[in-house]
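# Geometric and topological summary
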Amino acid sequence: MAQFDEKISKDQFEPAIIDASTSERISKPSLNYWQDAWLRVRKNKGAIVSLVVIGFLIIMALIGPSLSKFDSNKQNTKHANLPPRIEALENISWLPFDGTRTLKNGNVVNPYEQKQIEEYYWFGTDALGRDQFSRVWKGTQISLYIAFLAAFIDMVIGVTFGAVSGYFGGRVDNIMQRIIEVLSGIPNLVIVILMIIVLKPGIISITVALTITGWVSMARVIRAQVLKLKNQEFVLASRTLGASHAKIIFKHLLPNLAGVIIINTMFSIPNAIFFEAFLSFIGLGLQDPLASLGTLIDEGFRAMIAFPYQMLVPAIVISVVMIAFNMIADGLRDALDPKMRD
Amino acid sequence: METKKKLLEIRNLKQYFNIGKPNEVRAVDGISFDIYEGETLGLVGESGCGKSTTGRTIIRLYDATDGEVLYDGVNVHGKKSKEELKSFNHKMQMIFQDPYASLNPRMKVSDVIAEGMDIHGLAKTKEERMNKVYELLETVGLNKEHANRYPHEFSGGQRQRIGIARALAVDPDFIIADEPISALDVSIQAQVVNLMKKLQKEKGLTYLFIAHDLSMVKYISDRIGVMYFGKLVELAPAEELYNNPKHPYTQSLLSAIPLPDPISERSRKRKTYDPKMHNYQADETVELREVSPGHFVLCSEKEFAQYKK
Amino acid sequence: MSKILEVNNLNISFHTFAGEVKAIRGVNFHLNKGETLAIVGESGSGKSVTTKAIMRLLPESNSEIKEGEILFDGKDLTKLTDKQMQGIRGKEISMIFQDPMTSLNPTMTVGKQIMEPIIKHQNMSKSAAKQRAIELLKLVGIPMAEERFKQYPHQFSGGMRQRVVIAIALACNPQILIADEPTTALDVTIQAQILELMKDLQKKIDTSIIFITHDLGVVANVADRVAVMYGGRIIEIGTVDEIFYNPQHPYTWGLISSMPDLDTAEDELYAIPGSPPDLLNPPKGDAFAPRNEYAMKIDLEQEPPMFKVSDTHYAATWLLHPDAPKVEPPAAVIKRREMYPGFNNK
């Protein structure tokens, strides 16, 4: 079986000098958890595209209202219900930005020419003549604000509650779990409606209404993870070294929960946006003149047949936001979930 | 052996779980033994026999149901002040079984090792802390470059050595090694065992070595205790236990270990153990009795007479 | 003895984030009818990957058989369709996994799980299959088989479950049984029973067994022949006596010497330094060279071929080259050679 294609010179059989220290060398570059996770996210094209889309939407939500010459709250009844018209794009016939609209009988009219309006309303105007462009971005801004705030509060309460409940266990856990069961036993909508009636509808009251039950799922996930982690040997090791409870929670448990927390928060943001829109749509949400994507859709819905663009634009924005957040969350779950690691 | 100082005395230690419920488990059911300074006591038995629970109860990871653990004459269990607890944690350390679960994946190796030093304030400055970490890494056969890496970049054997360095960081006298090699590859086990022996010689450590691999235990231990269902059934010097096992369970356990020797394997006769074979009567007291100097067996009066022959 | 399975020049790679991992790098071996071949090696040496490749159980998404063939019954298993493979899995070749706790379905009675492959592969009627299942339970030494037949896996202890797993694997009288660390999760006394049972069954039904393990004691107990794997290659293969009493490869020397037997009293165990190789970028030359105290210059340059020691014994180490210097193996190996002087050592 031993065959030699080539002659091997004798000096090749002298002992080799092996550097003992190299045997312990690690050739892989040192990557921490987040760098490693980033490598994984980067491979997920959907998540990256979504990340760019969300980035764009957030920027637009911040600067969008000031890009337009018109204030989002300024009413101009003379300019009511104008269709979208954009400079330069108005001459491209297949784009809906030429300022015309089709009537029920099939006639195409141009309200801008009829009313002799020089201004360009990029997304048109609503029934009160307010600029839709600035209103849509203002609405996005408020929707995102409510969602981020709600998700953040959910996170803080949920993580604290879940971690305490799971870590201390026993009676503490028993009592805290009963509280959660009672809370999740009451239908969500009932609590929210009661909250809105008690508090005046507004950004804060909606946020509070969203968070009052929203943290429960976070708390449950965190509790389950803590129950698993607290018996891991590295936590036991820390206990044998004499670490305090606070140290164990902050140094050992929370860093290992970070992935789960982020994933859960990322999923709760689109949920909050959607729930807020739903509340606005059924009339429990923000009141005029405040605009959120939900109220915009609600208003647009009333004039849907005559002026579809009034509903279409905010509906597209909210859909894109929802899809993008869900895709990012999905990508993060694949990247951060310890079970997916090899 | 008699002149040696007792470092640890375990007296009638009991650890029950789910007390009073139908699923009560008597994981450790009244065991007593001493550990002398500088020796290695091996504790063997099959899964579920309570050997790991014994280790964890000794170091207070569980609160003992009953009994006491005297360290240098002082009881470790019961209500203790923070200072007292810290001093126990200082003297007593533990090495864990699973090298993949025993290091926090989010901490750098330097922080893992320095954790004990941070808790006990053993390093005054950052520089001193890092120097100590480097020193410990070298002690366990790793080097400086490893300090800034994360646990998942290491192999099982390397991780286990990091776990040892973490335990050594607080300069303990007594280390409980809870199956430290059973998750490692054969070629790596010897490295870890050699390291533990070297450290024992250099630092005068005392070990409680918990394992189910009997040939390694025999090699590293001075004395060996065999556990069966929460009870210590036999305790003897390592040589004596292997050459002259008295308790039928020990005999069955010894006959079951396959040896890396095909010739002796071919002629191996296995013994089985059935607890009913003792046929203890209600009025017999079954306790640990010394059949020959240093050799204890769990037996009744009648068996005792037999074993002594 | 006729060859029942032949693996030729098998190369398998995994595609990971960090790059291509060459898990198997040119593996050759064969299995004779009725024998037990033990494959030993550390984790990551490729022993499990090799057997999973035989069963075609490697994840298709990230693994790739780059080269080589697996010949069984005149067919190359690497080229079969999934459908054809299903006809072989469980019928001609079956497998026992490490963990008896997870290899049974907890929601199905034990009896149903044994009947499943019988009905699928042998077109038996239900009642005949049931008869056969009870027979199998008796065969693997489960008392009160008729009652046990109706029970669920959680009602069995670990050792009993592994017996059930063996019964399922044997249900269709397979020609080859692949056992992937079947006793690692069990206690020593239970392990002894299972090993006893497997040897006993092999005599009764004449299957060939590939037994994967890292425990040399188990190997000594069950194997007829032994293949030692390291870094994705077989570095030494021979009969069990040849491997244990006349090992040639420095890695085998290290493995054997690093296990204390019951009368080792030396102050220090022989330990192989370092850690297993990183197959993401395997070292040039012999993968074991960086840990090998007997390494020669050529080890760092060129991978050694298989040198013939006897008709049944081959080892991949340059030490067997006629030009290589004579070296003194570790003391434990010399002791073993003396224990069994039947080999004329060169």
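Scoring rules and cut-offs
Residues numbered from 1 in each chain as written. Chains lettered and ligands numbered in written order. Predicted model: local features only at pLDDT ≥ 70, side-chain atom pairs only at ≥ 80, totals over all residues. Heavy atoms only, no water. Helix = DSSP H or I, 4+ residues; strand = E, 2+ residues; numbered from the N terminus. Rg over C-alpha atoms; globule rule 2.2 N^0.38 Å. Buried < 20%, exposed > 50% of the residue type's maximum accessible area, 1.4 Å probe, protein only. Contact = heavy atoms within 4.5 Å. Areas by Shrake-Rupley, 256 points an atom, 1.4 Å probe, with all protein chains shown as cover. Lys, Arg positive; Asp, Glu negative; His and termini not counted. Charge placed at Lys NZ, Arg CZ, Asp CG, Glu CD. pLDDT = per-residue confidence, 0-100. Buried area = accessible area lost by both parts, 1.4 Å probe. Salt bridge = Lys/Arg side-chain N within 4 Å of Asp/Glu carboxyl O. Pairing = 2+ DSSP bridges. Axes fitted to C-alpha atoms, helices over the stretch in contact; angles between N-to-C directions. Phe/Tyr/Trp six-rings, centres within 6.5 Å; stacked < 30°, edge-to-face > 60°. Expected span 1.5 Å × (residues − 1). Polar contact = N/O pair within 3.5 Å; in protein donor to acceptor, adjacent residues only side chain to side chain. Nonpolar A, V, L, I, M, F, W, Y, C, P; charged D, E, K, R; others polar. Core = buried A, V, L, I, M, F, W, Y, C linked by side-chain atoms within 4.5 Å. Patch = residues over 30% accessible without salt bridge, like charges linked within 9 Å, V, L, I, M, F, W, Y side chains within 5 Å.

### Looking at the overall build of chain B
If you tally the helices and strands in chain B, you get 11 helices and 12 strands. Expected size for 309 residues packed as a compact globule is a radius of gyration near 19 Å; at 21 Å, chain B falls within 12% of this value. With the C-alpha coordinates aligned to their principal axes, the bounding extent of chain B is approximately 65 × 55 × 45 Å. For chain B, with 309 residues in total, the buried portion stands at 58%. When contacts within chain B are restricted to residue pairs at least 6 apart in sequence, those whose partners lie at least 24 apart make up 63%. Entry remark: accessible area of chain B is about 12,800 Å², with carbon and sulfur atoms responsible for 48%. The positive charge centre, built from 44 side chains, and the negative charge centre, built from 44, are 2 Å apart in chain B.

### Quick word on the confidence of the model for chain B
Of the residues in chain B, 99% have a pLDDT of 70 or more, and the chain-wide mean is 88. Interface confidence for the predicted complex, given as ipTM, is 0.86, next to a pTM of 0.83.

### Side note on the side chain of His120 of chain B
Within the secondary structure, His120 of chain B is located in helix 3 (residues 109-120). Residue His120 of chain B is classed as buried on the basis of its relative accessible area of 15%. Setting aside residues up to four positions removed in sequence, His120 of chain B forms contacts with Leu241 of chain A together with Lys86, Asn89, His90 and Val170 of chain B.

### Some remarks on the interface of chain B and chain C
Taken together, the contact between chain B and chain C spans 33 residues of the former and 41 residues of the latter. Taking both partners together, chain B and chain C bury about 3,300 Å²; carbon and sulfur atoms supply 57% of that area. Where chain B touches chain C, the interface holds two salt bridges. Note that Arg266 of chain B and Asp241 of chain C form a salt bridge whose closest N and O atoms lie 2.8 Å from each other.

### A closer look at the pairing of strand 6 (residues 93-96) of chain C
The side chains of a regular strand alternate between both faces of the sheet. Residues and elements named next belong to chain C. Residue alternation in strand 6 divides its side chains into two sets, Ile93 and Met95 and Ser94 and Ile96, and both sets are buried. Pairing geometry for strand 6 and strand 7 (residues 176-180), over four bridges, is parallel. Considered in strand 7, the bridge of Met95 is made with Ile178.

### Focus: the sheet that holds strand 4 (residues 66-71) of chain B
All names here are of chain B. What the four strands build is an open sheet, ordered 2-1-4-5; its pairing is antiparallel. Edge positions in the open sheet fall to strand 2 (25-36) and strand 5 (74-75), since each of these has one partner strand only. In this structure, strand 1 (residues 6-17) lies alongside strand 2, joined through nine bridges in antiparallel fashion. Note that in strand 2 the partner of Leu13 across the bridge is Ile31. Where helix 1 (residues 51-58) meets the sheet, its contacts fall on strand 1, strand 2 and strand 4, and the angle it forms with strand 1 comes to roughly 115°.

### A word on the pattern of salt bridges
Residues and elements named next belong to chain C. Scanning all chains against the criterion turns up 37 salt bridges over all chains. For Lys66, the salt bridge goes to Glu20, with nearest N and O atoms at 3.2 Å. With Lys66 in strand 4 (residues 63-72) and Glu20 in strand 2 (residues 19-32), this pair connects stretches of sequence that are 46 residues apart. Look at Lys66 and you get partly exposed, because its relative accessible area is 43%. For Glu20, a relative accessible area of 27% translates into the label partly exposed.

### Quick word on the packing of aromatic side chains
The geometry of an aromatic ring pair is captured by the separation of the ring centres together with the interplanar angle, meaning the angle of the planes. The tally for this structure, following the rule as stated, stands at 16 aromatic pairs over all chains. An angle of 70° between the planes, with centres 5.8 Å apart, marks the rings of Phe307 of chain C and Trp318 of chain C as edge-to-face. A residue pair is termed long-range when its members are at least 10 positions apart, and Phe307 of chain C in strand 11 (residues 307-308) and Trp318 of chain C in the loop between strand 12 (314-315) and helix 12 (331-339) qualify at 11 residues. Judged by its relative accessible area of 3%, Phe307 of chain C is buried. Among the residues examined, Trp318 of chain C registers a relative accessible area of 1% and is labelled buried. An aromatic cluster is defined as three or more aromatic residues linked by ring pairs; in this entry it consists of Tyr228, Phe229, Tyr249 and Tyr273 of chain B.

### Comments concerning the sheet that holds strand 6 (residues 92-95) of chain B
Residue and element names in this part refer to chain B. Here we have eight strands laid out as an open sheet, ordered 6-7-8-3-9-10-12-11, and mixed in their pairing. Each edge of the sheet is formed by a strand with only one pairing partner; in this case those strands are strand 6 and strand 11 (287-292). Looking at each pair of strands side by side, their axes are set apart by 20° on average, direction ignored. Alignment of strand 3 (residues 40-44) against strand 9 (residues 223-228), held across four bridges, turns out to be parallel. Each residue of the ladder has a partner; that of Leu41, found in strand 9, is Arg223. Sheet contacts for helix 11 (residues 301-308): strand 11 and strand 12 (295-299); angle to strand 11, the most-contacted strand, approximately 20°.

### Looking at helix 2 (residues 45-67) of chain A
All names here are of chain A. Taking 1.5 Å of rise per residue, the 23 residues of helix 2 would be expected to cover 33 Å, and the 30 Å separating its terminal C-alpha atoms lies within 8% of that figure. Looking at helix 2, one finds that the buried residues are Gly46, Ala47, Ser50, Ile54, Leu57, Met60, Ala61, Gly64 and Pro65. Tucked into the core, helix 2 has its buried residues touching helix 1 (33-43), helix 4 (132-168) and helix 11 (309-336).

### Observations regarding the interface of chain A and chain C
Opposite the 20 residues of chain A that make contact, chain C presents 25 residues. Taken together, the connections running from chain A to chain C amount to zero salt bridges. Connecting chain A to chain C are zero residue pairs in polar contact (both at pLDDT 80 or more). Tallied by class, residues from the side of chain A that touches chain C come to nine nonpolar, three polar and eight charged.

### Quick word on the nonpolar core
Within soluble globular proteins, side chains that are nonpolar tend to cluster in buried spots. Within the largest apolar cluster, 60 residues are counted, with the highest numbers of intra-cluster contacts made by Ile113, Ile162, Ile164, Met196, Phe209 and Leu214 of chain B. With residues up to four places along the chain from it excluded, the contact list for Ile162 of chain B reads Leu103, Val109, Val112, Ile113, Leu142 and Phe154 of chain B. Listed in part, the 52 residues of the second largest apolar core include Ile191, Leu279, Leu293 and Leu332 of chain A.

### Looking at the environment of Asp73 of chain C
Residues and elements named next belong to chain C. Along the chain, Asp73 turns up in the loop between strand 4 and strand 5 (75-76). Note on Asp73: relative accessible area 52%, which makes it exposed. Considering only alpha carbons, one finds Asp73 and Glu20, 53 residues apart in sequence, at a separation of 32 Å.

### Some details on a nonpolar patch on the surface
Residue and element names in this part refer to chain A. Taken together, the side chains of Leu189, Ile193, Ile197, Phe274, Phe278, Phe281, Ile282, Phe301, Met304 and Ile305 present a nonpolar region at the surface, about 920 Å² in accessible area. Breaking the nonpolar patch down by element, the ones donating at least two residues are helix 6 (188-198) and helix 9 (245-281). Residue placement: Ile305 occurs in the loop between helix 10 (293-302) and helix 11. According to the relative accessible area criterion, Ile305 is exposed, its value standing at 72%.

### Focus on unusual backbone geometry
If you check the backbone angles, Arg60 of chain B has positive phi at about 70° while not being a glycine. Its location among the elements puts Arg60 of chain B in the loop between helix 1 and strand 4. Phi at Asn173 of chain C is positive, roughly 50°, even though this residue is not glycine. With respect to the helices and strands, Asn173 of chain C occurs in the loop between helix 6 (158-170) and strand 7.

### What about the pairing of strand 11 of chain B?
Residues and elements named next belong to chain B. Bridge count for strand 11 against strand 12 is five bridges, and the pairing is antiparallel. Within strand 12, the residue paired with Leu288 across the bridge is Leu298. Hairpin connection from strand 11 to strand 12: two residues lie between these consecutive antiparallel strands, with Gly294 at a positive phi of about 80°.

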